[in-house]
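Fold and geometry: a report
Listed here are the chains, written in short residue letters.
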Amino acid sequence: MTIQDEVLNCGTGPAALLRALPRDFVWGVSTSSYQIEGASQVDGRGPSIWDEYCKVPGHIDNGDTGDVACDHYHRYGEDIALMHQLGIQAYRFSVAWPRVLPTGLGPPNEAGLAFYDRLIDGLLAAGIQPWLCLYHWDLPQALQERGGWLNRDIRGWFGDYAALVARRYGDRVRHFATFNEPSVFTLFGYGFAWHPPGQTDAAALCRAIHHVNLAHGAGVDAIRTAAPSSVIGAIHNVQPSRPVDATPGDAAAARLLDAYWNRAFPEPQLLGTYPTALAPLMESAMQSGDLDRIRRPVDWFGLNHYSPIYARADSKAPLGFAWADAPPNVRRSPIGWQVDPAAFRDVLLDVHRRYRLPIYVTENGAGANEKPNEAGEVIDLERISYLRIYGGALREAVSAGADVRGYFVWSLLDNFEWGAGYENRFGLVYVDFATQRRIPKASAHWYARMIHAEAMEAAR
Ligand code: FCB
């Protein structure tokens, strides 16, 4: 059976999915610098906190690192050609701060800047919109050594970095995002010690949150000044936070996790307040005028969503609650993440009602541990099924009034999945990490057909 037959047989034919999406709806894919670029010591790139974190045994499954990753730094041309063949309309990537500013500040690295020139020019030549995110977690190690997100000066450091990037690329890039999932890298980095810098300290976490928010405000202003016609947003993960058991303690834990995970960034950035549960904890980091520095006008809301999250009470935990696994009876993706498309629909509607900004789904997708079959194909029916039902939920949300204008699959390529290393594969395109050979999976063909069908529909 060919891949195409399999795709049709699994009931995922695109015709069933066509419903009124906005005419200029954007279909894209997302990646991030540390997860795909590799070339970690090439052309003057400085070390990032992830390079250092990966060196410590036990941090990453199999001792994996992002040193080579997908070698996208050298193979970006092939990757652009793949996207072009699939009909991808937009590509969201991040700039590695330490590649363009090896010590985080001071003189820029021309070779690093030139890499993103080549990438952006190649995308534009292929008719693909570049969507540039400034920060997808790879802080320059040199800034970490000055205190990183715990040092209030980072507001200025980030503002200068944003200005450099917007001045350089603002003639060709329209869509800029400041941060990817600030709640993940702060909560995992300072609350649970699952990411660098590996701390578990509520006071440090709140300082880091506040400084990231200040840096966001400075970044928005810097981009707006350097590239006035740019369209600016930030990317937030939003997922329902649920008590793992129906007890008052777990319910309180879920509310607190909700404040950290879903609200600590969008609320100050867009509404000018911290969630009530966190406001007192922010006081020691707060200076007069800070909420105005944080709440700068933006143009879109980037929403990443995979599955609901769970909390349970734990009075001994540093944050007063614990992260919990989903209950055993739920539907799961091959790597065990809960599959619950109704939660996605509800989140889209909720974000629409709360913030009243155009929404772009900047990440959604499914992880698996797949391998090519004997014919060399990767028939990832479970990923197709996930994308199909989450696409249905997106359409339901749009029909119910949510202003959603685009959707980006995470991810173009299998890549370095943080603590899980290369085991968890999220790509539409399989990567054989030994040879760097790329194999578009069945889901890539499915997505290409869907985009094509949508484009036909929009042209009618
Ligand atoms: C998100 C991250 C992204 C990737 C996916 C699976 O939280 O933004 O880098 O790891 O999860």
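Please refer to the structure higher up on the page.
Let me begin by describing the structure that accompanies this report. (Residues numbered from 1 in each chain as written. Predicted model: local features only at pLDDT ≥ 70, side-chain atom pairs only at ≥ 80, totals over all residues. Heavy atoms only, no water.)

**Some points on the site of the ligand**
Within the structure, the ligand sits among Gln35, His136, Trp137, Asn180, Glu181, Tyr306, Glu363, Trp410, Glu417, Trp418 and Phe426. For the ligand, an oxygen atom lies 2.7 Å from a polar atom in the side chain of Gln35. In the environment of the ligand, an oxygen atom lies 2.9 Å from a nitrogen or oxygen atom belonging to the side chain of Glu363. For the ligand, the protein covers 94% of the area, taking 300 Å² as the surface of the free molecule. Cavity membership is defined here by more than half of the atoms lying within 2 Å of grid points; on that basis the ligand lies in the largest pocket. When grouped by side-chain class, the residues that make up the shell around the ligand number five nonpolar, three polar and three charged. (Near = heavy atom within 4 Å. Polar contact = N/O pair within 3.5 Å; in protein donor to acceptor, adjacent residues only side chain to side chain. Areas by Shrake-Rupley, 256 points an atom, 1.4 Å probe, with all protein chains shown as cover. 1 Å grid on protein atoms, 1.4 Å probe; cavity = no way out; pocket = protein on both sides within 12 Å on 5 of 7 lines; lining within 4 Å. Sits in = over half its atoms within 2 Å of the grid points. Nonpolar A, V, L, I, M, F, W, Y, C, P; charged D, E, K, R; others polar.)

**A few points about the packing of aromatic side chains**
Scanning all chains against the criterion turns up 49 aromatic pairs. Where Trp131 meets Trp300, the ring centres are 5.2 Å apart and the plane angle is 65°; that geometry is what we call edge-to-face. One end of the pair, Trp131, is in strand β3 (residues 129-135); the other, Trp300, is in strand β7 (residues 300-304), and 169 residues separate them in sequence. Residue Trp131 shares its accessibility class with Trp300, and that shared class is buried. (Phe/Tyr/Trp six-rings, centres within 6.5 Å; stacked < 30°, edge-to-face > 60°. Helix = DSSP H or I, 4+ residues; strand = E, 2+ residues; numbered from the N terminus. Buried < 20%, exposed > 50% of the residue type's maximum accessible area, 1.4 Å probe, protein only.)

**Quick word on the sheet that holds strand β8 (residues 309-313)**
Pairing is mixed in the open sheet, where three strands are placed in the order β6-β8-β9. Two strands lie at the open edges of the sheet, namely β6 (241-243) and β9 (321-324), each paired on one side alone. Direction aside, neighbouring strands of the sheet carry axes that sit 40° apart on average. As judged from the four bridges shared by β8 and β9, these two strands associate in the antiparallel manner. If you follow Ala311 over to β9, its bridge partner there is Trp323. (Pairing = 2+ DSSP bridges. Axes fitted to C-alpha atoms, helices over the stretch in contact; angles between N-to-C directions.)

**Some points on the pattern of salt bridges**
Overall, the coordinates contain 31 salt bridges when judged by the stated rule. Its salt-bridge partner being Arg99, residue Glu37 comes within 2.7 Å of it at the nearest N-O pair. On the criterion of sequence distance, the pair formed by Glu37 in the loop between α2 (33-36) and α3 (49-54) and Arg99 in helix α5 (residues 97-100) is long-range, its members being 62 residues apart. The class for Glu37 is buried, based on a relative accessible area of 3%. Put simply, Glu52 and Lys55 hold a salt bridge, and the shortest N to O gap is 3.1 Å. You can call Glu52 partly exposed: its relative accessible area is 28%. Put simply, Glu110, Asp117, Asp121, Arg168, Asp171 and Arg172 are held in one network by salt bridges that share partners. (Salt bridge = Lys/Arg side-chain N within 4 Å of Asp/Glu carboxyl O.)

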